[in-house]
Each structure stands twice: as structure tokens, then as C-alpha cells.
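Residue-level structural notes
Chain by chain, the residues:
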Amino acid sequence: MGIKGLQGFVARVCPDVCRMVDLREMAEKHRIDHPDFPPVIVVDAMCCVRYWYTPENWVCGGQWREFLAVLEDFIKAFMAAGIKLVFYFDGVVEEKKRDEWIKRRLQNNKEIARIFQFIKTHRKQPGREMFVVPSALPTFTRFALKLLGQKTVCTLQEADFEVAACGLEHNCMGILGQDSDYLIYNTCPYFSIEKLCLNRLVTLMYSREDLCHTLGLSLTHLPLFACLLGNDVVPESLLEGFWHKCLVTSPHKNNSYNRRANIILAVANYISKLPCSYSSLKHLKEMLPVGSDKTLLNRGVQSYLLPGQQSPWIPPNVTNCQTFSLQEQTATCQDKEILQLAKEQHIRSENYTIFNILSSGEIECSNSLEDECDTEIPGQALIYRPARQHIYSVLLETGKGRAYPFVKEWFVYFGNPLQQPELIYPVQPSVPGGTPNLKTLWFAKGPDVEKQQYSTFLACFHLQDEMEELQALEAPVAAFCCLLAYLMMQVSSLSLEDLNAFLAVILCLKGKSAAQLAGLQLAQVDSRAVHLGAVFVRGLTTLLLANSTCGFPFRMDDLMPWEVFDGKLFQEKYQQSHRGCSLEELLEGNESLYAPFHNLKSIICKACTAKKRTIQSRPRGNGFITGTQQREFHPRFQQTHRSSFVPPYHNQMRGSQWRNPPPQGKK
């Protein structure tokens, strides 16, 4: 989150703190000054994702091949200058940031509602001023960078700390991001992704030393300065009284500055006069409101201390021990071998989310581009919950005589106020021969094990009986069919026209370049297709979760959106299908696609029929959804859900939302 207003303050009040630099020249200087350390830039990828997504279309579910090409160009520009990049992604939402995470998610819901209202009114995508990143973009960016041969790290704690620590430890050339916390950490130089001109490789560099000179501070003041302005540890609400005192005594008050700028100057002036000692910090604690946590300032200052660093504000016997050891001691999974492998794969960005579940029993999912007014399509969080419950069962090995665990879910969907996590109980999947244990799925080898991995994966999506047909397909197509069959079974409002559109996408996508897809023009945008695109892409992340759990029956690369989906292409096929166009038009006149189309459709319809789900024709023509009536919080998903699946169950219990409590005797 950083320090509110600090970066804007630097730009407006003390622009000398930042200057344009040529990264090629800096790399050359770095080689001369540090011959044993090649020039490396540590990239805070979560800060950069929205700047990397430059394809024109962003509402339809993602232009994934175009995005992959953008990332490739980004990497090549730095490689040409001899600069190595290391990418860091947030691997957790730390408890101290949960309230801020919730606040942002609820705000994003409002922004997404405005986007859908715009699409329904104008039948086109809004301008870039309303831009939100496509659903699951950070997740797939991580795997895209790995595919492109880059070192990619998924963190065990908040990414900014690990980025700053990496930059310091490895004597890196700099950090690329957009977070004012990098002005506070005493680490390598901080470069702006927002101001980066890629073709010239120039950007703004922020100088901590110049910031200190301007404010009359030293580098050792900066962590305390950040805490007294309000950050992730010390909430601003506790500091109003302190700010008032600083403003009253400040000689720097300037009526041409806004209040925040004057607060920054006043706080800097106040602490510049304090002796750098623990006794000064104790005095400052007394200025916080009565009843507030007096350890906040200590913890706040410590949070900026990188390994090996100390602060005069903190007693010398106290260091910043941001480790994962405590969480490992209280982990949901107590098998050290399983936990260690999951942790290693997590750090290397090889698995998806399972370490969070095994270590903390917690999982979150941010906003998706879903229309809260469309009562026929439930939130993706609800659609994929039955699959997740089966995945949790495999991962946590329920039904083995152990205590019945639950998983805390923070999933954003309409009707969920995010006041507390939902407590979701695992449900055993119907795996032929019984569910194998994790040791077998993860460590054993051989054709029998591969069969168990594949059948367990399919059972999570209620498709264990379709194994033979699916195994005969190319891996990306098999995974696509698995997801599409599950979707058709779970959401009764999906029609034959929807099915045909999805099938046409995967078949027509093959062989299309990023440039060809970029050139595709849409006459109009359908809001329901936007919603379905987001639901489908979120489904791909559920495949990643199942694949990671079941010992990787698929290569992760086979489950990526650029293999099976394109947002604009889906819009085109969706509108063609619902207008009742011919199969020839839908498949772009390519007769060689007719047989694969009918084969895939047959597999999916057969799977649905086995679950007593009949897919009906419901052409919508050009009948775009324009309604604005909001759904009530008992979506039709719960009413239409087939008895062969476990429906979402809503009950308030002990201050949390519980789903699917265990059978009696298994609590």
C-alpha cells in the first residue's frame, strides 16, 4: 500500500528527489563499480501488471496472446541492455493488510458495476480511465514470465519486503515498481514503472538521500517517518492528534500546499528534532490515543528493517524476524515433507495457492469482471466452490480418520460483505478405487500413479467417467473440455449457443498469432459474454489448483489462457452463435474443424447427460442485457443446482460463514 500521498508529494513539492535516468548507462556504470555483480533489476510485478497490460481490449476476458507478446518485448528490451530481471509476486495477503484488501475489493465492486452499466448502455468497452485488469491477470502473468524463461518468485510474505531484501542482499542495480515504501527501505535505487519509456529504457529514479536532505532527515529517520504518516501497520486514524500537534508547531506550513503535503512537512520537522533513540520512540507512543496498541510504532519501524539492519529507534536486541517458522508450526498440514515441497514449489512459482491452504488453511480470490445484475449466472466463487471442496478434500486428506478441517475463503462475489472468511468444508470426490494420498500423488512414479493423478483431477470436476475420451485429446483441449463440461453442468442457464461459442474459440484460436487477434474488430460488446469470459478464465485458475493438488497430471503450461481462450474472439463467436449463424461461419469456413467440433461437443453433452443435465437451445439474437435490477442474495444457482452436487449452504455460525458442515460424528 505504501504511504498515502508521499509519492505525489515528492513530485509536486520536491521534484529534485526524482530524476530521469538512462538504465543502459546505469547498467554500464554498475558493471564498472561492481564487477562481481551483473546488473539485476528486481521487479515488483504486482505494481507493474496494470502497466504491462497494453492490449486495447480488456473487458472481454483478456487478450492473452497479445499480452504474452507484450511481456516478451519488455524482457527483450532489458536483455538487449544486458540487464537481468527477477520478478516478485505477492504470495500471501498478510493479516495486517486484510482490512485494506477488503476495502479495495468492495471499492472495485462498485467500479465493475459502473463498467457493466456502461457496456449495457453503449454496447462497447469503456475508455481506459475505467480500466480494470482482466480477471486473474496477476496469476497468469507469473506463469507467463516463467514460460518466457524469467526467474519468478512467489513470496512467503508481503512482496515489498522481499523485493527490498533481495535488492540489498544481491547488490542489485535497482528496484522497478510503483510503491512509496521503496522510498523508505534502505536498499538499492528505486525506479518507476509508471514513467518507464521502454524503447529508450529511461525512467524516473527516486533518491532517498535527496528526500532526506529536502526534509532535514537522515536515512535512519525514514522508517519512523513512514509510521508517523500512517502505513500498513500504523493506521492513519490513530495519528490525527499527533498531526495536529505537528502542524501547530511547524514553521513550514504553506497555504499553497494541500493538507497532506503540510502534514508530511510538519511530521518531518517534528522528528528531525528528536534524538534517535528508543526513549524518543517511547515518548512518541504516549502521544497515540488512549487504549491504542503501544507496540504499533515498534512493529512499524521493524517492518522496514531488512536482514542485518538495525535501528536506533529499536532496542539492539530486537531484530526484524519476518519468518514463516511460526506459521509452519501451526500449519494445517503437519506432514513436513509435503509442506516443504509445497513451499519450494510456491517460491519457484510452480504451483498455485496450495501452500497457502496447507500452511494457513486460508485462500483468497480478488474481484472478477462479473455482472451483479445478471441473475442467471452466479458468481464464479460459487460456481467453482464444489470443485474446490473436492480439491480441499484431496489436499487435506479428509476421510482418513482425522479431525475434519475447513478452509477459510475470502472470495469476492455479489452478496458477500467480506466481514469474515467463509468456512468451507471439504467434500470427498468420487475417485474410482478411492482417493490416493498426497504422498502417492506427489512422490510416487509410474503409469499407475499417472492414471491416479489424472482420475483424481477429473473427479474434482465430476468427470471421472469421461477419462478415456479426455485422455485421447491434446492436453490443452482435454483441460478445456474438462472446464467447459463442469461449467455446463453447474450453471443451468448456459445454452447450446454458449457451448458452441466456447468450442469455436478453442478450435479457431489454434494458429492465430497475437497480431491477427489484435486486428480483430468488434462491432459491439455484449455484457453477458463479458461475464462469461471472466467466469471461464477464473475456471482456469481452478484447474491450476486441482493440477497442483493432484501431482500435475497436466503441464501447467497446458492450462494457460493463451492456449485456449481469447476475449475478443469469444465475443465474436458468442454473438455469431446467438444470432444463429451456420457452423461454417462459426468455424470460419475451415471444414477440417467440423469433426473436432462435433467430437468435443459430444464428449461434453455426454458428461452432462450422465448428470441429468440437458443443454437446451436459447438463442439471444442481438438481445443485449440492459437491465439494472440487482439480484437478491439467494442466486438461482442454489435453486437450479442438481442433487448430484453439494449446493452452497448458508448459515451463520460463531461469527463466520460456514458452508457444507461435516456429517454428524465427523466434527
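Bear in mind the structure is a predicted one, so any value in this text is a computation, not a measurement.

**Some details on the pattern of salt bridges**
It is possible for side chains bearing opposite charge to pair when their charged atoms get close. In this structure the tally under the stated criterion is 27 salt bridges. When the shortest N-O distance is used, the salt bridge between Asp232 and Lys97 registers 2.6 Å. Placement of the pair is Asp232 in the loop between helix 9 (222–229) and helix 10 (240–249) and Lys97 in the loop between strand 3 (84–89) and helix 5 (98–122), with a sequence separation of 135 residues. For Lys97, a relative accessible area of 10% puts it in the buried group. Close ionic contact of Glu572 with Lys573 constitutes a salt bridge, the shortest N to O distance being 3.7 Å. One network of salt bridges, with partners in common, ties together Arg385, Arg388, Glu409 and Glu422.

**Quick look at the sheet that holds strand 6 (residues 190–192)**
Reading across the sheet, the 7 strands line up as 1-7-6-5-2-3-4 and stay open at both edges, with mixed pairing between neighbours. Whereas interior strands pair on both sides, the edge strands pair on one side only; in this sheet they are strand 1 (18–22) and strand 4 (151–154). Between one strand axis and the next, the sheet turns by 30° as a mean value, whatever way the strands run. The pairing of strand 5 (residues 174–177) with strand 6 spans 3 bridges and is classified as parallel. Bridge pairing links Ile175 to Tyr190 in strand 6. Here helix 2 (residues 23–33) sits on the sheet and contacts strand 1, strand 2 (40–44), strand 6 and strand 7 (202–206); the angle it forms with strand 1, its principal contact strand, is near 75°. Helix 6 (residues 137–147) rests against strand 3 and strand 4 of the sheet, and its axis sits at about 150° to strand 3.

**Concerning the side chain of His221**
With respect to the helices and strands, the residue His221 is situated in the loop between helix 8 (208–215) and helix 9. Of the residues examined, His221 reaches a relative accessible area of 6% and is grouped as buried.

**Side note on the side chain of Glu362**
Along the chain, Glu362 falls in strand 8 (residues 362–365). Of the polar contacts made by the side chain of Glu362, one reaches the side chain of Trp410; its length is 2.6 Å. Residues in contact with Glu362, not counting those within four places in the same chain, are Glu95, Arg98, Asn356, Ile357, Lys408 and Trp410.

**Quick look at the domain arrangement of the chain**
In terms of domains, the chain is made up of domain 1 (6–214), domain 2 (219–275 + 277–312) and domain 3 (353–611). The distance between the C-alpha centroids of domain 2 and domain 3 comes to 49 Å.

**Describing the packing of helix 3 (residues 45–52) against helix 6**
Packed helices, taken two at a time, are described by the angle their axes make and the gap between the axes. The contact between helix 3 and helix 6 brings their axes to 10 Å, and the two run at 95°. In terms of orientation, helix 3 and helix 6 fall into the roughly perpendicular class. From helix 3, Met46, Val49 and Trp52 reach across to helix 6, where they touch Leu137, Pro138, Thr141 and Leu145. Of the residues that constitute the contact of helix 3 with helix 6, the class distribution is 6 nonpolar, 1 polar and no charged.

**Some points on the confidence of the model for the chain**
On average, residues of the chain score 90 in pLDDT, and 90% of them are at 70 or above. Segment residues 626–657 is flagged for pLDDT under 50; beyond a separation of four residues in sequence, or across chains, it makes 76 contacts in the model. Across residues 662–667, where pLDDT falls below 50, the model places 6 contacts with residues more than four positions away in sequence or in other chains.

**Structural notes on helix 4 (residues 64–80)**
An α-helical turn contains 3.6 residues, so any two residues separated by three or four positions project in the same direction. If you check helix 4, its first and last C-alpha atoms are 24 Å apart, about what 17 residues at 1.5 Å a residue would give, namely 24 Å. Taken as a whole, helix 4 has its buried residues at Trp64, Arg65, Glu66, Phe67, Leu68, Leu71, Phe74, Ile75, Ala77 and Phe78. A positive phi of about 75° marks Gly82, the residue just after helix 4.

Thresholds, definitions, all that
- Residues numbered from 1 in each chain as written.
- Predicted model: local features only at pLDDT ≥ 70, side-chain atom pairs only at ≥ 80, totals over all residues.
- Heavy atoms only, no water.
- Salt bridge = Lys/Arg side-chain N within 4 Å of Asp/Glu carboxyl O.
- Helix = DSSP H or I, 4+ residues; strand = E, 2+ residues; numbered from the N terminus.
- Buried < 20%, exposed > 50% of the residue type's maximum accessible area, 1.4 Å probe, protein only.
- Pairing = 2+ DSSP bridges.
- Axes fitted to C-alpha atoms, helices over the stretch in contact; angles between N-to-C directions.
- Contact = heavy atoms within 4.5 Å.
- Polar contact = N/O pair within 3.5 Å; in protein donor to acceptor, adjacent residues only side chain to side chain.
- Domains from an automatic or database assignment.
- Parallel < 35°, antiparallel > 145°, perpendicular 65-115°, else oblique.
- Nonpolar A, V, L, I, M, F, W, Y, C, P; charged D, E, K, R; others polar.
- pLDDT = per-residue confidence, 0-100.
- Expected span 1.5 Å × (residues − 1).

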